[in-house]
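Spelled out from the first residue to the last, the chains are:
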Amino acid sequence: MTRASAPAVPPLPVAPPDVDLSVELGRGLVLPNPIVVASGTFGYGVEYGDVVDVDRLGAICCKGTTLKPRIGNPTPRVTETPGGMLNSIGLQNPGVDAVIEKYAETWTGWKVPVLVNVAGESVSDYVEVARRLDGVPGVAGIELNISCPNVGRGGLQFAIDASAAGEVTAAVRRATDLPLLVKLSPNVADVRPIAKAIQEAGADALTAINTLSGIAVSPSRERPLLGNVFGGLSGPAIKPVALRIVYEVAQAVKIPIVAIGGVTELADVLDYLAVGAVAVQVGTAIFADPTLPIRLVDQLAEECGRRGLDSYRPLIGTALPRKQAPSSAKGAEYRP
Ligand SMILES: Cc1cc2nc3c(=O)[nH]c(=O)nc-3n(C[C@H](O)[C@H](O)[C@H](O)COP(=O)(O)O)c2cc1C
């Protein structure tokens with residue numbers, strides 16, 4: 001075959017270099033772009049090293065990490081649902097010390113910031129994990145998963161109670177100087193007081209949302225399907241709920257919000273930016289296509305280029321209600 005007849009290889013899409021996709025989440029944590037991989041769906045990053053150029057991601061939220069190793073919940077642990085999946089992995093992980101020993105050195109060699117997702121059953125659990133992560137090279141920040149039962153309060157989740165959410169955030173804040181993100185649960189009537197309590201307690205940013213609580217029934221109809229009975233619903237089915245929560249929280253707090261829930265294409269990213277998120281996480285969709293997050297980075301840059309923007313920031317908050325201008329004192333004077 002001559003060179004001239006060789007099939008044309010389409011060039012790999014490359015982000016236009018003149019579009020600024022960087023975003024600061026507080027305390028000096030700057031992501032090179034706003035596309036992050038969600039906790040529990042990208043392992044510790046190393047698992048995808050052969051398939052994905054991790055350094056092109058905005059950040060990696062690693063698997064939920066606890067003080068002691070956890071074997072996780074009984075099987076079955078996952079099932080498909082319309083537009084999503086239910087999982088009850090139960091925070092299977094080797095414990096914080098093993099995570100640091102096994103992965104931190106690899107993370108130091110990466111440009112991509114790695115945020116360690118931290119879970120626990122008591123405030124002191126969270127504090128101890130944060131303390132051990134503090135100052136570890138390769139750890140760029142902490143994402144607190146507070147959707148865990150608080151043993152000290154009879155199993156009540158930290159995430160569904162403003163004072164418990166504030167208490168655990170404040171305690172972790174005192175324990176570490178690392179950038180601190182706190183992940184909101186959708187399983188509440190009104191998330192705004194909880195988001196405000198977390199902000200008051202010193203979090204640098206919020207991530208929203210974790211999975212919605214659900215169950216499935218076994219084919220025999222004799223018992224619930226999942227070994228743990230309850231699972232977390234994720235995927236496109238939860239996007240409208242996550243959009244509503246980001247929309248509400250963006251109007252209630254000043255700290256940055258990273259949106260999560262059912263992202264499968266650029267339109268989802270643009271929707272979340274429009275309701276006030278500064279970045280998004282991709283979760284369940286990674287199982288079908290681990291390269292999706294990097295395509296989204298390129299597509300976001302291309303979209304900015306198409307709109308003549310040199311930064312994606314003008315896309316943030318465009319669907320939020322316009323702020324009312326304060327009424328003019330002069331106008332009041334002249335009112336009949
Ligand atoms: C299999 C699986 C494991 C998860 N593990 C965690 C976890 O350890 N910690 C956490 O904060 N969120 C965890 N999540 C929740 C995701 O990070 C994300 O918040 C949720 O799935 C919604 O995003 P998605 O619809 O894009 O998947 C997990 C989700 C899935 C599907």
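Keep in mind that what you see is a predicted model, and the values were worked out from it rather than measured.

A. Quick look at the sheet that holds strand β7 (residues 114-118). As summarised here, the arrangement of the 8 strands in space is β3-β4-β7-β8-β11-β12-β15-β16, forming a closed barrel in which the pairing is parallel. Sheet twist, expressed as the average angle between the axes of neighbouring strands with direction ignored, equals 25°. By the bridge criterion, 2 bridges tie strand β3 (residues 35-37) to strand β4 (residues 59-61) in an arrangement that is parallel. Looking at the pairing, V37 lines up with I60 of β4.

B. Representation of the packing of aromatic side chains within the structure. Within this structure, the stated rule accounts for 4 aromatic pairs. Their ring planes at 5° and their centres at 4.4 Å tell us that F42 and Y48 sit as a pair that is stacked. You can call Y48 buried: its relative accessible area is 16%. Measuring from ring centre to ring centre gives 6.1 Å for Y103 and W107, while their planes differ by 20°; the resulting arrangement is stacked. In this pair, Y103 and W107 are both assigned in helix α1 (residues 96-108), 4 residues apart and thus about one turn of the helix distant. Each member of the pair, Y103 as well as W107, carries the same accessibility label: buried. One aromatic cluster is present, built from ring pairs that chain together Y44, Y103 and W107.

C. Molecular detail of helix α3 (residues 162-175). Look at α3: 20 Å from first C-alpha to last across 14 residues, which is about the 20 Å you get at 1.5 Å a residue. Counted residue by residue, α3 has 10 buried out of 14 residues, so it is predominantly covered. Among the structural elements, α2 (123-133), β8 (141-145), β11 (180-184) and α4 (192-200) are those in contact with the buried residues of α3.

D. Representation of a nonpolar patch on the surface in the model. On the surface, I215, V217 and F230 cluster together into a nonpolar patch covering about 300 Å² of accessible area. Mapped onto the elements of the fold, V217 is located in the loop between β13 (212-215) and β14 (230-234). Given a relative accessible area of 46%, V217 falls into the partly exposed group.

Calculation notes
Residues numbered from 1 in each chain as written. Predicted model: local features only at pLDDT ≥ 70, side-chain atom pairs only at ≥ 80, totals over all residues. Heavy atoms only, no water. Pairing = 2+ DSSP bridges. Helix = DSSP H or I, 4+ residues; strand = E, 2+ residues; numbered from the N terminus. Axes fitted to C-alpha atoms, helices over the stretch in contact; angles between N-to-C directions. Phe/Tyr/Trp six-rings, centres within 6.5 Å; stacked < 30°, edge-to-face > 60°. Buried < 20%, exposed > 50% of the residue type's maximum accessible area, 1.4 Å probe, protein only. Expected span 1.5 Å × (residues − 1). Contact = heavy atoms within 4.5 Å. Patch = residues over 30% accessible without salt bridge, like charges linked within 9 Å, V, L, I, M, F, W, Y side chains within 5 Å. Areas by Shrake-Rupley, 256 points an atom, 1.4 Å probe, with all protein chains shown as cover. Salt bridge = Lys/Arg side-chain N within 4 Å of Asp/Glu carboxyl O.

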